[in-house]
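This is what each chain is made of:
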Amino acid sequence: MMCRLTVWEPDKLKSFGVPGPCTRESALHTKLFYIQRIDTIMSKIIGNELKNIPWEEKPEGYTLPVWRYSGNPIIGRHATKRSNSVFNSAVVPFGDGFAGVFRCDSRSVSMDLFVGFSKDGINWDIQDEPISFEGDPVVTVREYRYDPRVCYMDGKYYITWCNGYHGPTIGVGWTEDFKTFHQLENAFLPYNRNGVLFPRKINGRYMMLSRPSDTGHTPFGDIFISQSPDMQFWGCHRHVMSTVKGDESAWQSTKIGAGPIPIETDEGWLMIYHGVITTCQGYVYRMGAALLDKDEPWKVLYRTKDYILAPYEYYECVGDVPNVTFPCATLTDAATGRIAIYYGCADTVTGVAFTTVDTLLDYMKENSL
Ligand code: BMA
């Protein structure tokens, strides 16, 4: 638990009666006191330690619960030979570094998925040729592929994405080595987007969040959950959450969609998602967070009324589609509670932002709808 001290919040600890250090001895005493108290005070990520998670501390005086990496954007639009834009992409720990599946739109503006590797999660080497999937040729035929998520489970890295199949639906594939890729049946009938797997079975079933949609840019959409015994047949569809009408939380009034793979915590599943409002200049995509019940994840325990990140920076506000922050992946470190969020910026480049499990859960509880 020692390393969890790096995310302590002295003010919060003081409110629990934890004293502050003044001498060398009392500092040691205080540290021991913190170690004893930390379990009872902090929320926990249920998962692995990730010592090399990219990380920067929250800037002094910054008030939002999610803060940007100072070197953003980490991936520019020309990261591959033919790319027009690289965004809405997913990364995972792999070997002694990281691997990812990237959405690269080409200069002819076709949308496809590309593999990339990184030693530090910040500097990425993305391949110039798109992923080619093995499988039933009826299923692997490519119309378009975009907005991948990657979910590690049972020794396999599962990939879900928005797959063109007589309209957008959810494609599913897997790899063990990021060299050979296998494609399974599409999870749903068209039209659907934002298919996001849970990282383990719940009550013996795989679970996937998704957002039923239409053929176009879909001016509506709620998040649902579907269940499967085998990653092929999906059913028991349940509603998770809707858009918010009126002006109580207008940033999520048009449509919402799950983002990264939900993060398991001791209090439930932490789901980071995007919310959209329709303005006179088009859609604006912001980020929110919700906590879903651990065993019945269609039940929403908390949900942020205020957004957690929104397009403020130039590279989020200006690009092929302005005013878009679109999260598709996180890296997490269970030892410290640190979370790095990977998100697409203005449908053009890729950024990273940081938070901790405590920061998000506290914010969510203080700002819940
Ligand atoms: C959505 C998807 C995303 C995109 C967003 C903003 O419908 O197409 O890939 O980032 O629109 O253009």
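Here's what I pulled together on the structure shown here. On a predicted model such as this, the values are computed, not experimentally measured, just so you know.

1. Focus: the sheet that holds strand β11 (residues 192–197)
Pairing in this open sheet of 4 strands is antiparallel, and the strands run β11-β12-β13-β14 from one edge to the other. Here the strands that pair on one side only, and so sit at the sheet edges, are β11 and β14 (235–241). Adjacent strand axes in the sheet meet at a mean angle of 30 degrees, parallel and antiparallel pairs treated alike. Here strand β13 (residues 223–228) runs beside β14; their pairing, made up of 4 bridges, is antiparallel. When the sheet's bridge partners are listed, Phe224 is paired in β14 with His239.

2. A short note on the packing of aromatic side chains
Centre-to-centre distance and the angle between the planes together describe a pair of aromatic rings. Enumeration over the complete set of coordinates arrives at 22 aromatic pairs. Ring centres of Phe94 and Phe178 lie 4.9 Å apart, and the angle between their planes is 75 degrees; on these two criteria the pair is classed as edge-to-face. In this pair, Phe94 sits in strand β2 (residues 83–94) while Phe178 sits in the loop between β9 (168–175) and β10 (181–183), placing the two residues 84 residues apart along the sequence. Aromatic side chains Tyr158 and Tyr206 sit 6.5 Å apart centroid to centroid with 55 degrees between the ring planes, which places their arrangement in the tilted category. Of the two residues, Tyr158 is situated in strand β8 (residues 156–164) and Tyr206 in strand β12 (residues 206–212); the sequence distance between them amounts to 48 residues. When its relative accessible area of 9% is taken as the criterion, Tyr206 is described as buried.

3. Here we look at the site of the ligand
Asn88, Arg103, Tyr146, Asp147, Tyr285, Val321, Val324, Phe326 and Asp347 make up every residue found near the ligand. Between Asn88 and the ligand, the recorded distance is 2.9 Å, taken from a side-chain N or O atom to an oxygen atom. Residue Arg103 places a side-chain N or O atom 2.7 Å away from an oxygen atom belonging to the ligand. When the free accessible area of the ligand is taken as 310 Å², the share hidden by the protein chains comes to 86%. Here the residues of the shell around the ligand sort into 5 nonpolar, 1 polar and 3 charged.

4. Details of helix α5 (residues 357–366)
Within α5, 7 of the 10 residues are buried, leaving the element largely enclosed by the surrounding structure. Residues of α5 that are buried: Val357, Asp358, Thr359, Leu360, Leu361, Tyr363 and Met364.

5. A closer look at the nonpolar core
By size, the foremost hydrophobic cluster in this structure holds 35 residues, and its most contacted members are Phe102, Trp124, Ile126, Val150, Phe178, Leu331 and Tyr342. Counting only elements with at least two residues in this core, the list comes to β2, β3 (97–106), β4 (111–118), β8, β20 (325–333), β21 (338–345) and β22 (349–356). It is β3 that contributes the most residues to this core, 5 residues altogether. Counting 32 residues, the second largest nonpolar core, distinct from the first, contains Val196, Met207, Met208 and Trp234.

6. Topic: the side chain of Arg145
Examined against the element boundaries, Arg145 turns out to sit in strand β7 (residues 145–153). You can call Arg145 buried: its relative accessible area is 5%. Contact partners of Arg145, with chain neighbours within four places excluded, come to Met111, Asp112, Leu113, Ile131, Phe133, Thr140, Trp161, Cys162, Asn163 and Gln183.

Parameters and conventions
- Residues numbered from 1 in each chain as written.
- Predicted model: local features only at pLDDT ≥ 70, side-chain atom pairs only at ≥ 80, totals over all residues.
- Heavy atoms only, no water.
- Pairing = 2+ DSSP bridges.
- Helix = DSSP H or I, 4+ residues; strand = E, 2+ residues; numbered from the N terminus.
- Axes fitted to C-alpha atoms, helices over the stretch in contact; angles between N-to-C directions.
- Phe/Tyr/Trp six-rings, centres within 6.5 Å; stacked < 30°, edge-to-face > 60°.
- Buried < 20%, exposed > 50% of the residue type's maximum accessible area, 1.4 Å probe, protein only.
- Near = heavy atom within 4 Å.
- Polar contact = N/O pair within 3.5 Å; in protein donor to acceptor, adjacent residues only side chain to side chain.
- Areas by Shrake-Rupley, 256 points an atom, 1.4 Å probe, with all protein chains shown as cover.
- Nonpolar A, V, L, I, M, F, W, Y, C, P; charged D, E, K, R; others polar.
- Core = buried A, V, L, I, M, F, W, Y, C linked by side-chain atoms within 4.5 Å.
- Contact = heavy atoms within 4.5 Å.

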